Amino acid sequence: MKNVILITAACLLGLLSTIGASLPYPILPPLFAAEAANNFNHFLGLPSKLLFGLALTINPLGLLIGSAVLGPLSDRYGRRPLLMLTALGAALGHAITAWALVIQSYPLFIVARFITGLLEGNSSVARAMLADQLQGSLRLRAMSWLNGAFYLGWLLGPILAGATLVWGITVPFWIAAIALLLVVPLVAIALPREAPSLLTTSWWQVARDRHSLNLLRHEQLRTLFIVQLALTCGVASFYEFYPLWLVEMAGYNAQAISWVNVGLCGTMTITSLLTGGPNRLPPLLRASWYACGVALAVGILALGNIWVGIVAIVLFGIPNALYNTVIQGWCAERFSAHGQGAVMGLLATTFCIANIVVALAGSALILIDTRLILIAGACSGAWAAWRLNNWRRELASSDAVAPEVVA
């Protein structure tokens, strides 16, 4: 029963957090693609597509910092208080976002998205909590279910946005803020209290000296970072620019984009809920296959027509969900000695870096053709699949030799 409560609480937290994070995706493209210029979509007279790219960049920048430091901070102060505080702060970020849209302040909108992203980096804390408390196949299934909760949030968020926009553009953000406030007492009740570590005395010292990027000093974790960065660049190119692709290819509005997103996130959610059990095949071999599927879906989206593209968007959810489940479980097993908070933080940080790289590159490439960033993402994902398979062979050889060296 204790494990059921733990897993349920983590999944509900992930669900409510990503509902708020996913709201802007169907809302922003029509705002910046609108022909009517205003202080928001033509701030300082800059091109609206450039402002759109910057708006996409700032939230992952906050996620990057939050993912790098929140996991190690939770190792010091405990998972429970960090999750409660970040939920409260993210609610405040959504409230500021709503006000920025009311007064059409692009700078305030950017600040609000940064604050929200910074505190939504708590996904690594939730994953570390499950990795700490659970073992074996149950840990794999729990991480898969948590991924499913995050995906379900990405599904429900756009649906919520599309359904409530008729009452005003700020309504979805206020609903997200209230939902996050409701999760705080749930976390307080459901999650176990933890005694803070006595290894450090300052949160700043933890953030400065024990952030997740310190793990790059280790060779295998550097390789993981490089491969994961390449794969997540492909994923980010898809996530960030398929809504704009839909606007340009078929003139979709926020409601239409949200319904396409239903298919995508529904596929990811169902896949995550049905997978995560034991498997005899090597994890990195399976991860390389799933990375191939991700690259293929992104490439088909870039080169296909609207209907082929929609099919690719929906089916993208299958290999993406399977890849995340496999790689997170494998990292929890192989690199647990480095601290689950830091390891899960590194995975989340890598995705944030990929989002920033893709948003910056994409803001330039979409001035030429939106499909260029999708093609680049497909190539990046294909390279990651090739490198994962080679790395699997390298690790198999080194692991076989290691016992002989020790002996």
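Refer to the structure printed above.
Residues numbered from 1 in each chain as written. Predicted model: local features only at pLDDT ≥ 70, side-chain atom pairs only at ≥ 80, totals over all residues. Heavy atoms only, no water.

Describing the overall build of the protein
Phase 1: Looking only at helices and strands, the protein features 16 helices and zero strands.
Phase 2: Sequence separation of 24 or more characterises 84% of the internal contacts of the protein that already satisfy a separation of 6 or more.
Phase 3: Here the protein displays about 16,600 Å² of accessible surface, and carbon together with sulfur accounts for 69% of that area. (Helix = DSSP H or I, 4+ residues; strand = E, 2+ residues; numbered from the N terminus. Contact = heavy atoms within 4.5 Å. Areas by Shrake-Rupley, 256 points an atom, 1.4 Å probe, with all protein chains shown as cover.)

Some thoughts on the nonpolar core
Phase 1: Ranked by internal contacts, the top residues of the largest apolar core, which has 120 residues, are Phe-238, Leu-246, Phe-316 and Trp-330.
Phase 2: Per element, the largest residue contribution to this core is 17 residues, and it comes from helix α10 (residues 219–250).
Phase 3: The next biggest cluster of nonpolar side chains, apart from the first, holds five residues, and it includes Ala-90, Leu-119, Ala-177 and Leu-180. (Core = buried A, V, L, I, M, F, W, Y, C linked by side-chain atoms within 4.5 Å. Buried < 20%, exposed > 50% of the residue type's maximum accessible area, 1.4 Å probe, protein only.)

A look at the environment of Phe-238
Phase 1: Along the chain, Phe-238 falls in helix α10.
Phase 2: Each C-alpha atom of the pair Phe-238 and Val-358 lies 9.6 Å from the other, and the pair is 120 residues apart in sequence.
Phase 3: Non-local contacts of Phe-238, meaning those with residues more than four positions away in its chain, are made with Pro-243, Leu-264, Val-298, Leu-301, Ile-313, Phe-316 and Leu-374.

Structural notes on the packing of helix α4 (residues 79–102) against helix α5 (residues 106–119)
Phase 1: It is at 8 Å that the axes of α4 and α5 come closest, and there the two elements cross at 165 degrees. Relative to α5, the element α4 is oriented roughly antiparallel. Crossing handedness for the pair α4 and α5: left-handed. For the pair α4 and α5, contact is made by Thr-86, Gly-89, Ala-90, Gly-93, His-94, Ile-96, Thr-97, Trp-99, Ala-100 and Leu-101 and by Leu-108, Phe-109, Ala-112, Arg-113, Ile-115, Thr-116 and Leu-119, respectively. (Axes fitted to C-alpha atoms, helices over the stretch in contact; angles between N-to-C directions. Parallel < 35°, antiparallel > 145°, perpendicular 65-115°, else oblique. Left-handed = near helix turned anticlockwise from the far one by under 90°.)

Observations concerning a nonpolar patch on the surface
Phase 1: Residues Leu-303, Leu-367, Ile-368, Leu-372 and Ile-375 make up a contiguous nonpolar surface patch of about 520 Å² in total accessible area.
Phase 2: Within the secondary structure layout, Leu-303 lies in helix α12 (residues 283–303). (Patch = residues over 30% accessible without salt bridge, like charges linked within 9 Å, V, L, I, M, F, W, Y side chains within 5 Å. Salt bridge = Lys/Arg side-chain N within 4 Å of Asp/Glu carboxyl O.)

Topic: the side chain of Ser-380
Phase 1: Here Ser-380 lies in helix α16 (residues 370–406).
Phase 2: Apart from residues no more than four positions distant in its own chain, Ser-380 is found in contact with Ala-230, Cys-233 and Gly-234.

Some thoughts on the pattern of salt bridges
Phase 1: A full pass over the atoms with the stated rule returns two salt bridges.
Phase 2: Of the charged contacts, one joins Asp-369 and Arg-371 as a salt bridge, the two residues approaching to 2.8 Å between their closest N and O atoms.
Phase 3: Asp-369 sits in the partly exposed class, given a relative accessible area of 25%.
Phase 4: Judged by its relative accessible area of 37%, Arg-371 falls in the partly exposed class.
Phase 5: Residues Glu-394 and Arg-387 are paired through a salt bridge, measuring 3.5 Å at the closest nitrogen-oxygen approach.

Notes on the packing of aromatic side chains
Phase 1: One pass over the structure, following the stated rule, counts seven aromatic pairs.
Phase 2: Here Phe-238 and Phe-316 contribute two aromatic rings whose centre-to-centre distance is 3.9 Å and whose plane-to-plane angle is 15 degrees, an arrangement assigned as stacked. Of this pair, Phe-238 sits in helix α10 while Phe-316 sits in the loop between α13 (306–315) and α14 (317–334), and the two are 78 residues apart along the sequence. Take Phe-238 and Phe-316: they sit in the same class, and that class is buried.
Phase 3: Between Trp-383 and Trp-386, the ring centres sit 6.3 Å apart and the planes meet at 50 degrees, which makes this aromatic pair tilted. Remark: Trp-386 and Trp-383 occur in helix α16; sequence separation between them is three residues, near one turn of the helix.
Phase 4: With a relative accessible area of 35%, Trp-383 lands in the partly exposed category.
Phase 5: Among the aromatic residues, ring-to-ring pairing joins Phe-238, Tyr-239, Tyr-242 and Phe-316 into one connected group. (Phe/Tyr/Trp six-rings, centres within 6.5 Å; stacked < 30°, edge-to-face > 60°.)

Comments concerning unusual backbone geometry
Phase 1: Although it is not a glycine, Gln-104 adopts a positive phi angle of roughly 55 degrees.
Phase 2: One can find Gln-104 in the loop between α4 and α5.
Phase 3: In this structure Gln-104 comes out as partly exposed when scored by relative accessible area, which is 35%.

Description of the side chain of Thr-116
Phase 1: Relative to the helices and strands, Thr-116 is located in helix α5.
Phase 2: Given a relative accessible area of 0%, Thr-116 falls into the buried group.
Phase 3: Every residue in contact with Thr-116, bar those within four places of it in the chain, is listed here: Asn-59, Ala-90, Gly-93, His-94 and Thr-97.

Description of the environment of Val-247
Phase 1: Relative to the assigned elements, Val-247 resides in helix α10.
Phase 2: Residue classification places Val-247 among the buried residues on the basis of a relative accessible area of 16%.
Phase 3: Counting along the chain gives 218 residues from Val-247 to Pro-29, while the straight-line C-alpha distance between them is 7.4 Å.

Keep in mind that these numbers describe shape and distance, not what the molecule does.
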